[in-house]
Amino acid sequence: MDKKNSNKMMHNMPSDLRKAIDSVSIAGKAWKSITPLARNEFICWIIPAKKPETRVHRIERTCNELIQGKRRPCCWSGCPHRRPNAKKWFEKRKNFQKSFA
């Protein structure tokens, strides 16, 4: 995959995740130390949460896992947006995501 196409697959960091990571200095340092792809996978793991409680839980878990030194979300098969047929899956959640921006 070339850089030009890989940038199209990168997610923007949600503001609620940014606030959570910035509020804990160790998590912030760990976030900066992981690769852009690893950051993208954490973000992509958080984005599809259907319930606000699930999203909050995933954000808390992300911070905890970063503090523990984990560099990728556990039990996550990777970003589904890499598959061409997954575009519709993310389109459905756009309105839900706007409430967290």
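Presented here is a report on the structure given in the accompanying data block. (Residues numbered from 1 in each chain as written. Predicted model: local features only at pLDDT ≥ 70, side-chain atom pairs only at ≥ 80, totals over all residues. Heavy atoms only, no water.)

## A closer look at the overall build of the protein chain
Test applied: Under the DSSP-based scheme used, a helix requires at least four consecutive residues in state H or I and a strand at least two consecutive residues in state E, with every element numbered from the N terminus. For every residue, the accessible area obtained with a 1.4 Å probe (protein chains only) is divided by the maximum for its type, and the residue is called buried under 20%, exposed over 50%, and partly exposed between those limits. Two residues qualify as a contact provided that any one of their heavy atoms is within 4.5 Å of a heavy atom in the partner residue. Every accessible area reported is derived by Shrake-Rupley at a probe size of 1.4 Å, with residue values counting cover from the shown protein chains alone.
When helices and strands are tallied, the protein chain shows seven helices and zero strands. Helices (α) and strands (β) of the protein chain occur, in sequence order from the N terminus, as α-α-α-α-α-α-α. The burial tally for the protein chain puts 40% of its 101 residues in the buried class. Excluding contacts between residues fewer than 6 apart, the proportion of contacts in the protein chain whose partners are at least 24 apart in sequence is 70%. When the accessible surface of the protein chain is totalled, it reaches about 6800 Å², and 54% of it is carbon and sulfur.

## Brief notes about the packing of aromatic side chains
Filter applied, for reference: Pairing of aromatic side chains here covers Phe, Tyr and the six-membered ring of Trp, requires ring centres within 6.5 Å, and sorts the geometry by plane angle: under 30 degrees stacked, over 60 edge-to-face, intermediate tilted.
All told, the structure shown has one aromatic pair when counted by the stated rule. Pairing W31 with F42 gives two aromatic rings, centres 6.3 Å apart and planes at 50°, and the pair type is tilted. Linking W31 in helix α3 (residues 25-33) with F42 in helix α4 (residues 36-46), this pair joins segments that are 11 residues apart in sequence. Each of the two residues, W31 as well as F42, counts as buried.

## Observations regarding the environment of W45
Inspection of the secondary structure assignment puts W45 in helix α4. When its relative accessible area of 7% is taken as the criterion, W45 is described as buried. Remark: the alpha-carbon pair of W45 and I59, spanning 14 residues in sequence, is separated by 9.4 Å.

## A short note on the nonpolar core
To keep things clear, this is the line we draw: Here, nonpolar core means buried Ala, Val, Leu, Ile, Met, Phe, Trp, Tyr and Cys residues that are tied together by side-chain atoms lying within 4.5 Å of each other.
Grouped together as the largest cluster of nonpolar side chains are 17 residues, with contacts concentrated most on M13, L17, I21, W31, I34, I43 and L66. Secondary structure elements with two or more residues in this core: α2 (15-23), α3, α4 and α5 (52-67). Considering each element in turn, this core owes the most residues, five residues, to α4. If we ignore the near neighbours within four places in the chain, the residues touching L66 are I21, A27, A30, W31, I34 and F42.

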